[in-house]
Amino acid sequence: MAEVEEILEKDVSRRSFLKTTGIGLGVAAGALMFGTGIAGAQTQGGTVAETPLPYADLDPEEARIRAHAAYFRAGCAYATFYAILSMLRDKVGGPYNQIPLRMLGYGRGGAASWGTLCGTLNGAGAAINLVASDADTNKLLGDLIGWYTITPFPSQESDNVAAVKGYTYDAKEYVTAALPTSVSNSPLCHASVTSWINKSGFAASAPERAERCARLCGDVAAKAVMMLNEWKAGAFVATFKVSDETAGCLSCHSSDQIGKMACTSCHEPH
Ligand code: HEC
Ligand code: HEC
């Protein structure tokens, strides 16, 4: 995993540079780091366009590494947004240098620790919407959310990345062991974290729980990048379908409620 260390080395030096300025990471970035990207499309200092910004193929495994590490700086929503945006800064530059990386920080813990939409999805969704049209964002993010609700996390791939010693350089305690997995059956932070707590036996305050969420950041950032790469190649096909049970509920309840979440995670069937 020499590659992991290499990526982090780059990431850490970026971070120490910003640290020496005495301002937090994202805050300084927009103001100080003007890139010389390829597809800049806009000049520095102008108003950033409202149309989707240029996207360039990104490496999902690098996104996984960056998101995992970034979780320990400012939480889950920051982490997935940061992973994608910082890579777009490196590869495309231009307008991405003017978007503050700290922007999605509010999404941590399901928005200011309210346990609503999982921050990993919030951060990835914001990044997706920067590059894709609204209609494509609905398709991509809709599929990402669906995938999230049925996938066991954290993945083996994220376990492997976390096993690199000293990887989580901002964490007080390093958790490098493989972790138990759980399926959220919901896009809500509350349901996702709580089902993992039930399954694993670790408390919300345990370093293992934080590490689980960090690895989840890696999993969601990597998946979002894979989907965006496919989308850019014109090869993206949405695959998520609601369960038969939920489809049954929706056959009668499509006009008196909104959503596709698994209905029986909150309601008794009748
Ligand atoms: C065959 C049609 C049909 C299906 C299928 C169906 N419902 Fe209903 N549901 C109704 C009707 C009719 C009512 C009562 C009218 C109303 O309150 O809108 C109702 C009421 C409800 C209510 C309000 C109950 C209350 O106490 O006011 C909830 C919540 C609900 N359904 C959830 C579900 C869920 C979850 C499913 C799937 C597991 C489901 N429904 C499947 C027709 C259906
Ligand atoms: C995260 C929890 C949650 C999920 C998931 C959820 N609901 Fe609800 N639902 C609620 C709450 C809370 C209310 C408002 C309080 C109430 O009426 O029970 C509500 C209200 C409703 C009502 C109106 C009930 C009434 O009193 O008229 C219907 C119908 C309903 N939900 C159907 C569904 C269906 C169908 C699904 C799946 C597509 C679903 N819900 C998923 C929490 C949820």
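Definitions and limits used
Residues numbered from 1 in each chain as written. Chains lettered and ligands numbered in written order. Predicted model: local features only at pLDDT ≥ 70, side-chain atom pairs only at ≥ 80, totals over all residues. Heavy atoms only, no water. Near = heavy atom within 4 Å. Polar contact = N/O pair within 3.5 Å; in protein donor to acceptor, adjacent residues only side chain to side chain. Nonpolar A, V, L, I, M, F, W, Y, C, P; charged D, E, K, R; others polar. Helix = DSSP H or I, 4+ residues; strand = E, 2+ residues; numbered from the N terminus. Buried < 20%, exposed > 50% of the residue type's maximum accessible area, 1.4 Å probe, protein only. Contact = heavy atoms within 4.5 Å. Expected span 1.5 Å × (residues − 1). Donors = N, O, S within 2.8 Å, 3.2 Å for Na, K, Ca; no water.

Undergrad: Which residues make up the site of ligand 2, and what values do they have?
TA: The environment of ligand 2 is made up of 13 residues, and the closest members are His253, Met261, Cys263, Cys266 and His267. At 2.8 Å from a nitrogen atom of ligand 2 is found a side-chain nitrogen or oxygen belonging to His267. Each residue belonging to the shell around ligand 2 can be placed in one class, and the counts come to seven nonpolar, five polar and one charged.

Undergrad: Account for the side chain of Asn122, with residues named and values stated.
TA: Within the element layout of this structure, Asn122 appears in helix α5 (residues 119-131). For Asn122, a relative accessible area of 16% gives the class buried. At 3.2 Å, the side chain of Asn122 forms a polar contact with the side chain of Tyr106. Non-local contacts of Asn122, meaning those with residues more than four positions away in its chain, are made with Ala77, Leu104, Tyr106, Gly107 and Leu117.

Undergrad: Let's hear about α5: which residues, and what values?
TA: With 13 residues, α5 ought to run about 18 Å at 1.5 Å a step, and its terminal C-alpha atoms sit 19 Å apart, in line with that. For α5, a buried count of 10 out of 13 residues is recorded, marking the element as mostly surrounded by other parts of the structure. Among the residues making up α5, those that are buried are Gly119, Thr120, Leu121, Asn122, Gly123, Ala124, Gly125, Ala127, Ile128 and Val131. On its buried face, α5 is in contact with α4 (76-91), α6 (134-150) and α9 (207-232).

Undergrad: Give me the coordination of the iron atom of ligand 1: which residues, what numbers.
TA: For a metal with four donors in a tetrahedral arrangement, the ideal angle between donors is 109.5 degrees, while six donors in an octahedron ideally sit at 90 or 180 degrees. Every protein donor of the iron atom of ligand 1 is accounted for by His253 (NE2) and His270 (NE2), and the metal-donor separations fall at 1.9 to 2.0 Å. On the accessibility criterion, His270 (90% relative accessible area) is exposed.

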